[in-house]
Amino acid sequence: MVSTDAAPAIVVLTGAGISKESGLATFRCEGGAWQQVRIEDVATPEGFSRNPQRVHDFYNARRAQLAEVTPNAAHLALAELDRHWPGDFLLITQNVDDLHERAGSRRLVNMHGSLRRARCLGCEAVSPWEGNTTLDSRCPACGEVGIMRPDIVWFGEMPQQLERIYAALGQCELFLSIGTSGHVYPAAGFVAEVQGRARTVELNLEPSKGASLFDEVRQGPATELVPEFVA
Ligand SMILES: CC(C)NC(=O)[C@H](Cc1c[nH]c2ccccc12)NC(=O)[C@H](CCCC/N=C(/NCCC(=O)O)S[C@H]1O[C@H](COP(=O)(O)OP(=O)(O)OC[C@H]2O[C@@H](n3cnc4c(N)ncnc43)[C@H](O)[C@@H]2O)[C@@H](O)[C@H]1O)NC(=O)OCc1ccccc1
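Definitions and limits used
Residues numbered from 1 in each chain as written. Predicted model: local features only at pLDDT ≥ 70, side-chain atom pairs only at ≥ 80, totals over all residues. Heavy atoms only, no water. Phe/Tyr/Trp six-rings, centres within 6.5 Å; stacked < 30°, edge-to-face > 60°. Helix = DSSP H or I, 4+ residues; strand = E, 2+ residues; numbered from the N terminus. Buried < 20%, exposed > 50% of the residue type's maximum accessible area, 1.4 Å probe, protein only. Lys NZ or Arg CZ within 6 Å of the ring centre and 35° of its normal. Pairing = 2+ DSSP bridges. Axes fitted to C-alpha atoms, helices over the stretch in contact; angles between N-to-C directions. Contact = heavy atoms within 4.5 Å. Near = heavy atom within 4 Å. Areas by Shrake-Rupley, 256 points an atom, 1.4 Å probe, with all protein chains shown as cover. 1 Å grid on protein atoms, 1.4 Å probe; cavity = no way out; pocket = protein on both sides within 12 Å on 5 of 7 lines; lining within 4 Å. Sits in = over half its atoms within 2 Å of the grid points. Nonpolar A, V, L, I, M, F, W, Y, C, P; charged D, E, K, R; others polar. Points joined across faces, edges and corners; volume = space filled by probe spheres on them. UniProt positions renumbered as here; feature names shortened; annotations may be inferred. Polar contact = N/O pair within 3.5 Å; in protein donor to acceptor, adjacent residues only side chain to side chain.

Visitor: Quick one: what's the story with the packing of aromatic side chains, residue by residue and with numbers?
Guide: Scanning all chains against the criterion turns up 5 aromatic pairs. For the ring pair F48 and W154, a centre distance of 5.2 Å and an interplane angle of 40° mean the geometry is tilted. Of the two residues, F48 is situated in helix 4 (residues 45–50) and W154 in the loop between strand 6 (148–152) and helix 8 (162–170); the sequence distance between them amounts to 106 residues. For W154, a relative accessible area of 2% corresponds to the buried category. Three or more aromatic residues link up through ring pairs in this structure, and these residues are F48, F58, Y59 and W154. R149 extends its terminal NZ or CZ atom over the ring of W154, reaching a point 3.7 Å from the ring centre.

Visitor: Can you explain the sheet that holds strand 5 (residues 126–128)? Please cite residues and give values.
Guide: Strand order in the open sheet formed by 3 strands is 5-4-6, with antiparallel pairing between adjacent strands. One side of each edge strand has no neighbouring strand; the edge strands of this open sheet are strand 5 and strand 6. The mean angle between the axes of side-by-side strands here comes to 45°, regardless of whether they run parallel or antiparallel. Pairing of strand 4 (residues 113–120) with strand 6, which is carried by 4 bridges, proceeds in the antiparallel orientation. By the bridge assignment for strand 6, G113 is matched with I152. Running at roughly 55° to strand 6, helix 5 (residues 52–65) makes contact with strand 4 and strand 6 of the sheet.

Visitor: Before we move on, can you summarise the site of the ligand with the specific residues and values?
Guide: The immediate surroundings of the ligand are formed by 36 residues, with R62, G156, T180, S181 and E206 found nearest. For the ligand, whose accessible area on its own is 1,500 Å², the fraction buried by protein is 78%. Most atoms of the ligand, that is more than half of them, are within 2 Å of grid points of the largest pocket. Breaking the shell around the ligand down by element, the ones donating at least two residues are helix 1 (17–20) and helix 5. Broken down by class, the residue content of the shell around the ligand amounts to 18 nonpolar, 12 polar and 6 charged.

Visitor: Which residues make up the layout of surface pockets, and what values do they have?
Guide: Of the pockets and cavities examined, the largest pocket occupies roughly 830 Å³. Taken together, 43 residues form the lining of the largest pocket, with A16, F27, R28, T180 and S181 sitting closest to its centre. Looking at the lining of the largest pocket, the elements that each hand over two or more residues are helix 1, helix 5 and strand 8 (199–204). Of the residues belonging to the lining of the largest pocket, the class tally is 21 nonpolar, 15 polar and 7 charged. Its volume calculated, the second largest pocket comes out at about 270 Å³. Elements represented by at least two residues in the lining of the second largest pocket include exactly helix 2 (33–36) and helix 5. The greatest single-element share of the lining of the second largest pocket, amounting to 4 residues, is contributed by helix 5.

Visitor: Describe the UniProt feature "binding site: substrate" (unreviewed entry) in the protein chain, listing the residues and the values that go with them.
Guide: In the numbering adopted here, UniProt assigns the feature "binding site: substrate" (unreviewed entry) to Y59 and R62. Within the annotated group, the residues that form the lining of the largest pocket are Y59 and R62. Among the secondary structure elements, Y59 is positioned in helix 5. When residues no more than four places from it in sequence are discounted, the contact partners of Y59 are V42, A43, L115, P150, I152 and W154. In this structure the side chain of Y59 is engaged in a polar contact, spanning 3.5 Å, whose partner is the backbone oxygen of V42. Along the chain, R62 falls in helix 5. By relative accessible area, R62 is classed as buried at 18%. With residues up to four places along the chain from it excluded, the contact list for R62 reads F27, V96 and L115.

Written out as structure tokens, the structure is:
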């Protein structure tokens, strides 16, 4: 589907839908994460200052879940494409799970952070993090206690590596969006950013909010559509 001669520059954007078939709930679908909790309480800086234990519990539970899931055929197909693509390639994920990394993706940006990292509110150091973050976690860099937070981008906070993202969008010739509903910005605005300059394709279980902006929309489960598209 994607011919290597001339190797156009590719940008791929993924959302929660790509990890659904690995067993991780999405946000807005039936039984999704945002059905169970209020975004304001767990995914905003205000929610963290109001009740940090609540937020630690929310992300500790999601981090623990990672041990029960594995990358699926869609994650693996994108890692394969990254490994062999001779042209520019960037995979931008909104997901905070580690399934793209575990599938072998390397040219990857976690624009909303990762459950596998924690940040110190004192020295701002970002450290790899296995177990739980708690009210008395110690910063591996400055040794301070009690000022660690999950390295997750909350609503109202600036996404990570935006410069690298917009540089790649600025020269991409194929923009592929997978498993995202197109509700959250700035990610939901990327297709408009490349429209008219790049070929744009959406692979999603149901059309996203921005589906009309894409040249091509294919509906179906990511584990079927993605391997077929990159084959
Ligand atoms: C709700 C929305 C209206 N609000 C925003 O967008 C806000 C405010 C805002 C900014 N600009 C705007 C413009 C207009 C309106 C509002 C705004 N944005 C922000 O606050 C952002 C920060 C937002 C990040 C928040 N953190 C997340 N995640 C980490 C936390 C956590 O994970 O706990 S967002 C979180 O929700 C989003 C969920 O969306 P999806 O991943 O798409 O999941 P969803 O469940 O919605 O959909 C799943 C899809 O998959 C499909 N699917 C399901 N199963 C399958 C399957 N099997 N196969 C294929 N597809 C499938 C379904 O059909 C569905 O379409 C993801 O981004 C996810 O990361 N920061 C910011 O703007 O900073 C300033 C700034 C200024 C200038 C330039 C840049 C920035």
